Amino acid sequence: MGLMLRSNALNLLFEDRFCLTLVVLARSQIESRNSHQVKRAASMFFHIVLERNMQLHPRHFGRNLRENLVSKLMKDVEGTCSGRHGFVVAITGIENIGKGLIRDGTGFVTFPVKYQCVVFRPFKGEILEAVVTMVNKMGFFAEAGPVQIFVSNHLIPDDMEFQSGDVPNYTTSDGSVKIQKDSEVRLKIIGTRVDATEIFCIGTIKDDFLGVINDPSAA
Amino acid sequence: MNGKNSLSPSVSRIQPDDPPSLPREFPHPQSRRFHSSSAARPPPCTVHPPPAAPPPPFAPPHPGESTVYLSPLRCVSPSATNDSRKPIISSVFISTTNGLFDACATTRRNPTDSRPDLRSFEFSAADSSISASNPLRLLAASSSSQLIRSIRIKMSLATNSPAHSSSSDDFAAFLDVALDSHSSDSSPYEKAEHDNNAESERIKRRKVEKLENSEEDILYGAEEKSLEVLSKQQLCSHPGSFGNMCIICGQRLDEESGVTFGYIHRGLRLNNDEINRLRNIDMKNLLQHKKLILVLDLDHTLLNSTQLGHLTPEEEYLRSQTDSLEDVTKGSLFLLNSVHTMTKLRPFVHTFLKEASQLFEMYIYTMGERAYAFEMAKLLDPKREYFSAKVISRDDGTQKHQKGLDVVLGQESAVLILDDTENAWTKHKENLILMERYHFFASSCHQFGFNCKSLSELKSDESETDGALATILKVLKQVHSIFFNELSDDLVDRDVRQVLKTVRSKVLEGCKVVFSRVFPTKFQADNHHLWKMVEQLGGTCSTELDRSVTHMVSTDAGTEKSRWALKEEKFLVHPRWIEASNYFWKRQAEENFPVEQTKKQ
């Protein structure tokens, strides 16, 4: 329940940005409680404390030094990725700002800043919901916030075949399930790589309970 | 996952009346979910019945040893008689179709306690010395499709209880049944249960539980990275990568191999085998839809661009005549500040693309930069109907200053290329339809060494109805219809290059051409490009003058040969006649290409 509350709070905070993934988080937790599946609960979001040395120009000194420092920190850090922690979604608070050190010659001051932030990092084996951005004969690409996911046609169920045309798609032989651009799919991550600005994932939908969850053409 | 799916039904049958206090009645909460689903869904992998008598691929088994050969397509159990008093050795050979994983498992059974001790299973791979104290470890290390069989083997062993069977014949039979039946089929286990007395049943149950535990550890130890890495190294061929991860197993790949497909998505690479596989699949798909592939060049073929700085004073008037970017389908002259260019679309291009898209899957392939290529694609295809993710730019090619079909996911025998530069396609000249260059802007004319006034300066343009694109569209339609309607051989064996060759050879059919003052002296005549062009167009060339000659190609009407042609009433044409016929795919009217007498003569 604690997890639940936290994710709801997150939902309020960053609704606009990662609504979909946060809903995933909440939903998968509900599911997990129903099936007593504690081990598998999605934990892509983390609230952690990070530290960074901020260089501040002397013109920002004065009454608003702290505000300036924090806004610069947000500008610098939010939306970036680190291989270790993943994508920094938002800074939620400042733990402490250390003593500034004046750099020789430039007048810049370096402050060690400890801050709390929400990071997003997908892990292998996790289930994720994503929006399909491109479908082609190799498979399809999907996006979930900053995450780029590729699902190769090896990892799409064998009964789904590629259909070229104006709207390329993967369709089952009876036509009941269709994956095309803007479809929402639930997939499982089988590999991740975190870059400076992007997170790449390899996904699969060749498993139970994976696949299309919302078909734009049906809506 | 598949393994769990197939295992769970039988597990729940073996322990239907287990007290709830028993730990791990269900090995994992998820398995219950899978269990409930497995009834409705067919098992993810079915085992085919074994063929009648395939020869075992291994050395004959030792006496007193039962050997079971397992591979995804068959299960053979050479019967071996056994005395239950002797120690029984059961061996399981597992081989997979790809041959990557050949392992042999052996278990020894004590004659007094003839339950096979699975813990003592020894696995050794045929190629290397992979062994594990726990067999399940190794089994789990195989891919999911093999997992099923692996687990079935194990289940069969588990039910091979003393009261029921002591000979390895039964053991083998169990394997057969287990493999033949689907995962929902529980006959061997039920049978075993009925036959057994309560005592052995309890022992067995414990056994199964034990198995369960160890297996669960392995299965849910999917996170156990070393294991996973081991399995994937052995089983995944890494057909391609996305962000340096294998597209099938997700494993990180360090060495960069294969061809980059940056134009589809950044970070996507595919190996040649995968490309071929995709091409073959695609080919079937295309032929089904009666489509071929068309690769289009941008500059001088579909449009003409100039940098804003290169506009001549005479062209400045164009700035006020540019069309709105709001609805690009209506205009043809655009000012693109983002890439600092002014672009003129070739007349007829919208109709051309629309009609060609019915017959072809189209790619753009340009030597321009990616940003430029995307801007142009937006102009040509605002709705992204034709070229979505099929815009190849200079950055995507595999060779410098060359265009290649290796980045095009289409069988070369089905690709047509439309380009104005023959040299860019040295490897694929047979696929190429050469276009007459479209020079609208003065800078473009100068670039190619023409000193005449450009179309923009003359305030004119190519004809909409019989310009180059309209002509080529007719040729494309013709090639397409011959390919699909007139060829008699199998659709897959047809080659668009042959069709193109045939169509081309009809252009100057019946013409016999003699050249005069066209080739430099001492030049090997039949090496000249005009000579070759005439031959490609179906005409014949000659150096001899005789009655059969139909055309005299000359740059000067005053030469001896030219005068002979006039006297004999043969066509006297300029070399441009050949080029024009080549570009328009039609024998051009000879009177439009007169030869003038040079004063000097």
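Residues numbered from 1 in each chain as written. Chains lettered and ligands numbered in written order. Predicted model: local features only at pLDDT ≥ 70, side-chain atom pairs only at ≥ 80, totals over all residues. Heavy atoms only, no water.

**A short note on the overall build of chain A**
Part 1 of the reasoning: For chain A, the count of helices and strands is three helices and 14 strands.
Part 2 of the reasoning: Looking at chain A as a whole, 47% of its 219 residues qualify as buried.
Part 3 of the reasoning: When contacts within chain A are restricted to residue pairs at least 6 apart in sequence, long-range pairs at least 24 apart make up 62% of them.
Part 4 of the reasoning: Within the structure as shown, chain A displays about 10700 Å² of accessible surface, and the carbon and sulfur contribution to it stands at 52%. (Helix = DSSP H or I, 4+ residues; strand = E, 2+ residues; numbered from the N terminus. Buried < 20%, exposed > 50% of the residue type's maximum accessible area, 1.4 Å probe, protein only. Contact = heavy atoms within 4.5 Å. Areas by Shrake-Rupley, 256 points an atom, 1.4 Å probe, with all protein chains shown as cover.)

**Structural notes on the packing of aromatic side chains**
Any aromatic ring pair is given by two values, namely how distant the centres are and how the planes are angled relative to each other.
Part 1 of the reasoning: For the structure shown, the criterion picks out 16 aromatic pairs over all chains.
Part 2 of the reasoning: An aromatic cluster is defined as three or more aromatic residues linked by ring pairs; in this entry it consists of Phe141(A), Phe150(A), Phe200(A) and Phe242(B).
Part 3 of the reasoning: Sitting over the face of the ring of Tyr363(B), Lys390(B) holds its NZ or CZ atom 5.8 Å from the ring centroid.
Part 4 of the reasoning: One Lys or Arg, Lys459(B), reaches over the ring of Tyr317(B) and ends 4.3 Å from the middle of that ring. (Phe/Tyr/Trp six-rings, centres within 6.5 Å; stacked < 30°, edge-to-face > 60°. Lys NZ or Arg CZ within 6 Å of the ring centre and 35° of its normal.)

**Side note on the sheet that holds strand β14 (residues 360-365) of chain B**
Part 1 of the reasoning: Here five strands make up an open sheet; going across it, the order is β15-β14-β10-β16-β17 (chain B) and the pairing parallel. In this open sheet, the two strands that pair with only one neighbour each are β15 (391-392) and β17 (432-434) of chain B. (Pairing = 2+ DSSP bridges.)

**Here we look at the sheet that holds strand β11 (residues 178-179) of chain A**
Residues and elements named next belong to chain A.
Part 1 of the reasoning: Read from one edge to the other, the open sheet built from three strands follows the order β9-β10-β11, with strand pairing classed as antiparallel. Strand pairing shows two members of the sheet lacking a second neighbour, β9 (160-163) and β11, which therefore form its edges.
Part 2 of the reasoning: Of the pairings in the sheet, the one linking β9 to strand β10 (residues 169-172) comprises four bridges and is antiparallel in character. By the bridge assignment, Phe162 is partnered in β10 with Tyr170.

**Observations concerning the confidence of the model for chain B**
Residue and element names in this part refer to chain B.
Part 1 of the reasoning: Residues at a pLDDT of 70 or more form 60% of chain B, whose mean pLDDT is 68.
Part 2 of the reasoning: Predicted confidence for residues 1-196 stays below pLDDT 50, and this span has 333 contacts to residues more than four positions away or in other chains.
Part 3 of the reasoning: This complex was scored by the predictor with a pTM of 0.63 and an ipTM of 0.72. (pLDDT = per-residue confidence, 0-100.)

**Thoughts on the pairing of strand β12 (residues 333-336) of chain B**
All names here are of chain B.
Part 1 of the reasoning: Examined bridge by bridge, β12 and strand β13 (residues 341-345) share four bridges and lie antiparallel to one another. Directly across from Leu335, in β13, lies its bridge partner Met342.
Part 2 of the reasoning: Counting the residues between successive antiparallel strands, the hairpin from β12 to β13 contains four residues, one of them, His340, with a positive phi of roughly 55 degrees.

**As for the pattern of salt bridges**
Part 1 of the reasoning: Inspection of every chain in the model, using the stated rule, returns 28 salt bridges over all chains.
Part 2 of the reasoning: One salt bridge in this structure joins Arg319(B) and Glu316(B), with 3.0 Å as the shortest N-O distance.
Part 3 of the reasoning: Beyond isolated ion pairs, a larger network of salt bridges with shared partners links Lys137(A), Asp282(B) and Glu361(B). (Salt bridge = Lys/Arg side-chain N within 4 Å of Asp/Glu carboxyl O.)

**Here we look at the state of the cysteines**
Residues and elements named next belong to chain B.
Part 1 of the reasoning: Tallied over the full model, the rule gives zero disulfides over all chains.
Part 2 of the reasoning: Here Cys236 stays free of any disulfide, with the sulfur of Cys246 as its closest cysteine sulfur at 3.4 Å.
Part 3 of the reasoning: Given the relative accessible area of 13%, Cys236 is considered buried. (Disulfide = S-S within 2.5 Å.)

**What about the confidence of the model for chain A?**
Residue and element names in this part refer to chain A.
Part 1 of the reasoning: Looking at chain A as a whole, the pLDDT averages 80, with 79% of positions reaching at least 70.
Part 2 of the reasoning: Here helix α1 (residues 2-13) stands out as the least confident element of chain A, with mean pLDDT 40; strand β5 (residues 109-120) is the most confident, with 94.
Part 3 of the reasoning: Within the model, the stretch residues 1-41 combines pLDDT values under 50 with 64 contacts to residues more than four positions away or in other chains.

**What about unusual backbone geometry?**
Residues and elements named next belong to chain B.
Part 1 of the reasoning: The backbone phi angle of Ala389 is positive, close to 55 degrees, even though this residue is not glycine.
Part 2 of the reasoning: Along the chain, Ala389 falls in the loop between α11 (370-380) and β15.
Part 3 of the reasoning: In this structure, Glu569 takes a positive phi of about 60 degrees despite not being glycine.
Part 4 of the reasoning: Mapped onto the elements of the fold, Glu569 is located in the loop between α16 (560-567) and β21 (571-573).

**A closer look at the packing of helix α13 (residues 468-486) of chain B against helix α14 (residues 496-504) of chain B**
Residue and element names in this part refer to chain B.
Part 1 of the reasoning: Viewed as axis vectors pointing N to C, α13 and α14 meet at an angle of 125 degrees, and their least axial separation amounts to 10 Å. Taken together, α13 and α14 sit at an angle that is classed as oblique. Crossing geometry of α13 relative to α14 is assigned as right-handed. Within the contact between the two elements, α13 uses Gln478, Val479, Ile482 and Phe483 and α14 uses Val496, Val499, Leu500 and Val503. (Axes fitted to C-alpha atoms, helices over the stretch in contact; angles between N-to-C directions. Parallel < 35°, antiparallel > 145°, perpendicular 65-115°, else oblique. Left-handed = near helix turned anticlockwise from the far one by under 90°.)

**Observations regarding the side chain of Arg504(B)**
Part 1 of the reasoning: Residue position: Arg504(B) is located in helix α14.
Part 2 of the reasoning: Look at Arg504(B): it is buried, it has no salt bridge, and the nearest opposite charge is Glu422(B) at 7.3 Å. (Lys, Arg positive; Asp, Glu negative; His and termini not counted.)

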